[in-house]
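# A closer look at the structure
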Amino acid sequence: QSLELQQRAALQYLISGRYAEGAAILRKVSKAVGMHFPPTQRDAMARLLLRRLYLSVRGLNFVARSATAVRADALRKIDMCWSAVIGCSFNDNIRSAYFQSMHLGLALNAGEAYRLARALALEAAHVSALGTRRSRRSAMLIQRAEECASRSASPHAAALVTAVTGVVAALEGRWKQCVASCDTADEILRNECTGVAWERDTIWRFRLWSYVFMGNLSQASCQVPFLLKEAKERDDLYAVGNLATLVMPILHLAADDPLRARDELGGAIRPPEPAYLVDHFTCLYSHAQIDLYSGDGSAGLKRLACEWPLLRNAFLLRVQQVRILMRHLRARCALATAASASEASSMMRMAARDASRLSKENARWAAAFGISIRAALAYLNGGTDAARQLLAEAVSEFEAVDMNLYAAAGRRRLGQLVDGAEGRALIEQADAWMAGQGIRNPERMTAMLAPGFPD
């Protein structure tokens, strides 16, 4: 009973954003149940590779058993791994992946439906994070998780699998599908489950992130104040940090208030551990976006150059979405700098390299980013006709993947390069759409999202 209570305490510390306290208790619980807690990320990576090799040989076969037919200590280990996986998921991705490899293996060996549904669902999310080339495997894992959730007749398992379906959709750039799945999962959690703050926080994280990419800033701005108030009332640092680093900065920029956006990040809770964690990445991304909005692409480039090795060493660039976002951001900073710098040629080469890499990601939304970068490069090289053609293609691609904010920015840039009434109409259309989303300064928002053109 003592171990179970300590495991629950560790989980509550971790999912509320108190990583140091949670990790300390989890380390003691791991030792007590005979499991290893990796002291460093290097150790976690080495053990992760070994566990992945074991799973590849073992496969996903299992013998179905009821919970009463499984030894209590085996169930305790699975539950401890569950706590570690979700508790470390947005703080320490390497330890989370290591514990997930343990989690899945133990759940398969036990064959208990509820815990197996949880493990298979989380496995789908971890697989999907590595990239769209693994989408078939993540879809297969979700299907198997759904089957186990159905056998368990647990609302929590059903909601978790549906939520992970939304997470996978977001990681693959299918924003509308993410929102639909997250809506369904949140309804189940709200009406049929208790003690699911982390699950609902995570759903909102991906739902709001999808709103941002789709350009639904007005919808996000209506919901964020309530979510922030609720998170502060329960002293949930994880939820407050999510909102402060992921969503609030872009909403403040939409309100044409970059100073407040910077202040929001300055007040965000940062993990106390010296390792470079996911929260550091989200802060970096938002800070560089503010630099771009403020017309200082070179400051954004300096930030990225300083922290890029830390991103790589923390293996965050193995996450496809992180890789796409950071390459697109670096290319945008380079384009903004090239438009007014003496070292324009080196900046343009940097942007061209990132555009080429984005086109090879096997993700349509990444390819759309690449096209928009090549449009700016064409303009900077004097190819106005080519720039117009590429901008039109980028707008079409952004619309196809429901990224309407980026489509509006591309349309506004296209209007600047088209003479006469047609060009004015394109700009007016883009400005009207942005105004409908609460964007007060379409020119600065466009400069942030599609730099390298005349303002």
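Everything that follows concerns the structure shown earlier in this document.
Read on for an overview of the structure. Numbering of residues starts from 1 in each chain and follows the order in which that chain's sequence is written. Restriction of local features to residues with pLDDT of at least 70 applies here, the model being predicted, together with a cutoff of 80 or more for giving and counting side-chain atom pairs; totals for whole chains, interfaces and linings are based on all residues. Where side-chain values are given, they derive from all heavy atoms of the structure, hydrogens and water being excluded.

### Observations concerning the overall build of the protein chain
Here a helix means four or more residues in a row that DSSP labels H or I, a strand means two or more in a row labelled E, and each is numbered from the N terminus. A count of helices and strands for the protein chain gives 22 helices and zero strands. Here the C-alpha atoms of the protein chain give a radius of gyration of 23 Å, agreeing with the 23 Å that 2.2 N^0.38 yields for 455 residues. Under the scheme applied here, a residue whose accessible area is under 20% of the maximum for its type counts as buried, over 50% as exposed, and between as partly exposed, the area being computed with a 1.4 Å probe on protein chains only. Going through the 455 residues of the protein chain one by one, you find that 58% of them count as buried. We call two residues in contact when some of their heavy atoms are within 4.5 Å. Here the analysis covers contacts within the protein chain between residues at least 6 apart in sequence; of these, 69% occur between residues at least 24 apart. In the structure as shown, the protein chain presents an accessible area of about 18,700 Å², 52% of it carried by carbon and sulfur atoms. When the 56 basic and 44 acidic side-chain charges of the protein chain are each reduced to a single mean position, those positions are 8 Å apart. Every radius of gyration here is taken over C-alpha atoms, with the globule rule written as 2.2 Å times N^0.38, N being the number of residues. Methods summary: accessible areas were calculated by the Shrake-Rupley approach with a probe of 1.4 Å, and residue burial reflects only the protein chains presented. We score Asp and Glu as negative and Lys and Arg as positive, and we do not count His or the chain ends. Think of each charge as sitting on NZ of Lys, CZ of Arg, CG of Asp or CD of Glu.

### A short note on the nonpolar core
One recurring pattern in soluble globular proteins is that nonpolar side chains are buried together. Residues belong to one nonpolar core when they are buried, are Ala, Val, Leu, Ile, Met, Phe, Trp, Tyr or Cys, and are joined through side-chain atoms within 4.5 Å. In terms of nonpolar packing, the biggest core is built from 167 residues, with Leu 208, Leu 311, Met 326, Trp 365, Met 403 and Met 445 touching the most fellow members. Setting aside its immediate chain neighbours within four residues, Leu 208 contacts Ala 220, Gln 223, Val 224, Leu 227, Leu 243 and Val 247.

### What about the side chain of Thr 132?
Note that Thr 132 resides in the loop between helix H6 (113–129) and helix H7 (135–152). Taking the relative accessible area as the measure of exposure, Thr 132 reaches 11% and is therefore buried. Residues contacting Thr 132, with those up to four places away along its chain left out, are Glu 172, Gln 320, Glu 361, Asn 362 and Ala 363.

### Side note on unusual backbone geometry
We note that Asp 235 has phi near 60°; this positive angle belongs to a residue other than glycine. Relative to the helices and strands, Asp 235 resides in the loop between helix H11 (217–233) and helix H12 (237–254). Positive phi outside glycine occurs at Phe 315, with the angle close to 65°. Tracing the sequence through the fold places Phe 315 in the loop between helix H15 (297–313) and helix H16 (320–338).

### Notes on the state of the cysteines
Cysteine sulfur atoms are paired as a disulfide whenever they fall within 2.5 Å. All chains considered together, the criterion is met by zero disulfides. No disulfide involves Cys 222; its nearest neighbouring cysteine sulfur is the one of Cys 182, lying 19 Å away. On the basis of relative accessibility, which here comes to 63%, the residue Cys 222 falls in the exposed class.

### Here's the deal with a positive patch on the surface
Two joining distances apply to patches: 9 Å for like charges and 5 Å for nonpolar side chains (Val, Leu, Ile, Met, Phe, Trp, Tyr), and every residue must have over 30% relative accessible area and no salt bridge. What makes a salt bridge here is a side-chain nitrogen of Lys or Arg within 4 Å of a carboxyl oxygen of Asp or Glu, nothing more. Residues Arg 134, Arg 137, Arg 144 and Arg 318 make up a contiguous surface patch of positive charge. By the element assignment, Arg 134 lies in the loop between H6 and H7.

### Overview of the pattern of salt bridges
Per the counting criterion, the structure on display carries 29 salt bridges. In this structure, Asp 79 and Arg 118 form a salt bridge, with 2.9 Å as the shortest nitrogen-oxygen distance. Of this pair, Asp 79 sits in helix H4 (residues 72–88) while Arg 118 sits in helix H6, and the two are 39 residues apart along the sequence. Both residues of the pair, Asp 79 and Arg 118, count as buried. The shortest N-O distance in the salt bridge between Glu 361 and Arg 327 comes to 3.4 Å. Residue Glu 361 is located in the loop between helix H17 (344–359) and helix H18 (364–380), and its partner Arg 327 is located in helix H16; the two are separated by 34 residues in the primary sequence. By relative accessible area, Arg 327 is classed as buried at 18%. Overlapping salt bridges bring together Asp 183, Asp 186, Arg 190, Arg 200 and Arg 207 as one network.

### Quick look at the packing of helix H14 (residues 278–293) against helix H22 (residues 442–449)
Remark: H14 packs on H22, axes separated minimally by 8 Å, with the N-to-C direction vectors making an angle of 125°. By the angle class used here, H14 and H22 are oblique. The crossing of H14 and H22 is right-handed. Between H14 and H22, the residues in contact are Gln 289, Leu 292 and Tyr 293 and Arg 444, Met 445 and Met 448, respectively. Classes in brief: Ala, Val, Leu, Ile, Met, Phe, Trp, Tyr, Cys and Pro nonpolar; Asp, Glu, Lys and Arg charged; the others, Gly included, polar. Broken down by class, the residue content of the contact of H14 with H22 amounts to four nonpolar, one polar and one charged. Note on geometry: axes are C-alpha line fits, over the in-contact stretch for helices, and angles between N-to-C directions span 0 to 180 degrees. Roughly parallel here means an angle under 35 degrees, roughly antiparallel means over 145, roughly perpendicular means 65 to 115, and every remaining angle is called oblique. Crossings are classed by handedness, with left-handed meaning an anticlockwise turn of the near helix from the far one by less than a right angle and right-handed meaning a clockwise turn.

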